[in-house]
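Residue strings, one per chain:
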Amino acid sequence: MSTDSAEKSALIDIEMFQSLDPRTNDVIAEFPVLSPQDVEEAVANARSAATWWGSLTFSARARHLKHWRQLILERFDELAGLISHETGKPMADAMLEVVLGVDHLHWAGKNAKRVLGRRHVAPGMLMFNHTASVEYEALGVVGVIGPWNYPVFTPMGSIAYALSAGNAVVFKPSEFTTKVGQWLVDTFAEALGDQGRHRSPLQLITGDGRTGNALCQSDIDKLAFTGSSATGKRVMSACSDRLIPVLMECGGKDAFIVDSDANLKSASDAAVWGAMANAGQTCVGVERIYVVDSVADRFIDLVVDQVSKLTVGGEPDADIGPITMPAQLAIIERHVKDGMRSGGQAVVGSASSIRAPYVKPVVLVDVPEDASTVTEETFGPVIVINRVPSLRVAVERANASRYALGATVFSKRNGVRAAQDLTAGMVGINSILPYAAMPSLPFGGVGGSGFGRIHGAEGLREFARPKSVAHRRFPPLLNPTSFSKAQWTMHALKTLVRVLYRW
Ligand code: NAP
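Only a predicted model underlies this, so the values are computations on that prediction, with no experimental measurement involved. (Residues numbered from 1 in each chain as written. Predicted model: local features only at pLDDT ≥ 70, side-chain atom pairs only at ≥ 80, totals over all residues. Heavy atoms only, no water.)

Caption draft 1: The packing of helix α3 (residues 58-74) against helix α6 (residues 153-164), seen in detail. Close contact between α3 and α6 brings their axes to 9 Å; oriented N to C, the two are set at 145°. Across from Phe58, Arg61, Leu65, Trp68 and Ile72 in α3, the residues of α6 making contact are Met156, Ile159, Leu163 and Ser164. A class-by-class count of the residues in the contact of α3 with α6 yields seven nonpolar, one polar and one charged. (Axes fitted to C-alpha atoms, helices over the stretch in contact; angles between N-to-C directions. Helix = DSSP H or I, 4+ residues; strand = E, 2+ residues; numbered from the N terminus. Contact = heavy atoms within 4.5 Å. Nonpolar A, V, L, I, M, F, W, Y, C, P; charged D, E, K, R; others polar.)

Caption draft 2: Structural detail: unusual backbone geometry. Each neighbour pair has its own omega, and for Ala356 with Pro357 the value is 5°, a cis peptide bond. Within the fold, Pro357 resides in the loop between β13 (354-355) and β14 (358-359). With a phi close to 55°, Asn430 is a non-glycine residue in the positive phi region. Take Asn430: it is sitting in the loop between β19 (426-429) and β20 (446-447). Relative accessible area serves as the criterion here: at 40%, Asn430 is assigned to the partly exposed category. Positive phi values are uncommon outside glycine, yet His455 reaches one of about 70°. Tracing the backbone shows His455 in the loop between β21 (450-451) and α17 (456-461). (Buried < 20%, exposed > 50% of the residue type's maximum accessible area, 1.4 Å probe, protein only.)

Caption draft 3: Structural detail: the UniProt feature "active site" (unreviewed entry) in the chain. According to UniProt, the positions carrying the feature "active site" (unreviewed entry) are Glu249 and Cys283. Spanning 35 residues, the named residues form one tight spatial group whose C-alpha atoms are at most 9.1 Å apart. You can see Glu249 is positioned in strand β9 (residues 246-249). Residue class for Glu249 comes out buried when judged on its relative accessible area of 4%. By secondary structure assignment, the location of Cys283 is in the loop between α11 (264-276) and β11 (286-292). (UniProt positions renumbered as here; feature names shortened; annotations may be inferred.)

Caption draft 4: Summary view of the site of the ligand. Contacts to the ligand come from 31 residues, most closely from Gly146, Ser228, Thr231, Cys250 and Glu377. Between an oxygen atom of the ligand and a main-chain N or O atom of Gly227, the distance comes to 3.4 Å. Contacts to the ligand include Thr231, whose side-chain N or O atom sits 2.7 Å from an oxygen atom. When the free accessible area of the ligand is taken as 910 Å², the share hidden by the protein chains comes to 91%. If you list the elements that add at least two residues to the shell around the ligand, you get α9 (209-216), β8 (222-226) and α10 (229-240). For the shell around the ligand, the residue count by class is 12 nonpolar, 14 polar and five charged. (Near = heavy atom within 4 Å. Polar contact = N/O pair within 3.5 Å; in protein donor to acceptor, adjacent residues only side chain to side chain. Areas by Shrake-Rupley, 256 points an atom, 1.4 Å probe, with all protein chains shown as cover.)

Caption draft 5: View of the pattern of salt bridges. One pass over the full model with this rule turns up 19 salt bridges. Arg242 is paired through a salt bridge with Glu40; the nearest N and O atoms lie 3.7 Å apart. Residue Arg242 is located in the loop between α10 and β9, and its partner Glu40 is located in helix α2 (residues 36-55); the two are separated by 202 residues in the primary sequence. Here Arg242 falls in the partly exposed class, since its relative accessible area comes to 44%. One salt bridge in this structure joins Glu135 and Arg118, with 3.3 Å as the shortest N-O distance. Within this pair, whereas Glu135 is found in strand β4 (residues 130-138), its partner Arg118 is found in the loop between α5 (91-116) and β3 (119-121), the two being separated by 17 residues in sequence. Here Glu135 falls in the partly exposed class, since its relative accessible area comes to 22%. By sharing partners, the salt bridges in this structure join Glu15, Asp208 and Arg210 into a single network. (Salt bridge = Lys/Arg side-chain N within 4 Å of Asp/Glu carboxyl O.)

And the structure:
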């Protein structure tokens, strides 16, 4: 939906919502809550744009996406400022997000032809008189529903890949970060020039969960959802009405393992950043740490020392900004209280560290594994550090969660083995969240963290369907698929198969 139509909507008394700066509650912008009819209109516009966009070559689409990338880079500070304004996150966090978003946009545009373009495959011995090829066709219109915690990086993981594959996209950003979503859609249209002004293949719809629900029930060909596991279930259920396939990027409770031979200084540095960056509001953020007994005290001291130096507040250069979604504060408080009540020891902070809209860092040690602090996604600057007797037990505890998104292991000798044993979509060894910054690596979860993949070749194929073509080049020696075949044909085939595949 364009800015013009948003202004018109305001004039005809439809429900509006506001996007606020969570630090001050200042109103940033107002948007209409779009109805199911509005959503269908946006999907119809996207479908008509898809006819043009999907007919372009991979190279032509890549050129348009490059213009968009260049525009984003020209206005880098404007976008980072807007992200910071709407989410409250410090500028460093906002800038990192733009960097990663641009990196993915570049990779998807550049690699779509290699991954999705037609390629020949071996026809096999039995069909040697044919050539065979497979290519990936765009699905049509993809609905993208995004969260507020990374309003550029996260939806870009679907939008850039879906567009590169030749689809049009209808994007519903979170109601908390709609202005950032609008910025992305407007700059893409601007990068397209006349065509973008006429009918862009990236359409915006604004609203809350009701609008998201309407998108799930509209005439789309796939729905890419990023958000909590609870909403993910509702989205799947709504999509099932029309048998719309879904990609689910849901919540996590990521574990971070510290082995006895780990470099404790870099492990503690990585753990603190992984848990506290973006105020802990990261799907792959560090929420549980399992540290081997022999190094636990030293590791905890290092974590406490680093965490105590972090600054919290609304200044652009603070280390930790506000909690963007006010409702999350009660969850964070419940988890901190539950962790302490069940026997965990607070070595930094306590429930009084929560002063809306900010949460000062909390570090809890030796929290029982069945406390909500360990089992549920906290999504705040809270770390649980639990001691374990060995790396093996650390892996077992890490795997005991219903979530399985990312994981980290710090170990000099056993990192690769632990990575193999961990149940997770992505594992970083001696490095914090490296996979998020590698566009060639698929990103996604297992179990309660969802299914399907964004990023990488798998992320491109997620938004395309394979089409197989087999082409006969000359008549076969044996033709079993004809009623006029010679009587001996099947016997000859049987003999041939025995010779070919016996060993
Ligand atoms: P959320 O509350 O589940 O919302 C996600 C999106 O779904 C928002 O745009 C929301 O709209 C929309 N929505 C709400 N109800 C809906 C419904 N019934 N039908 C369709 N859409 C609906 O999640 P969030 O609080 O925005 O984001 C935080 C969560 O996202 C965390 O759990 C985090 O782990 C997860 N996350 C996962 C990944 C990943 O890659 N796996 C990445 C980032 C975040 P409104 O906001 O307008 O209500």
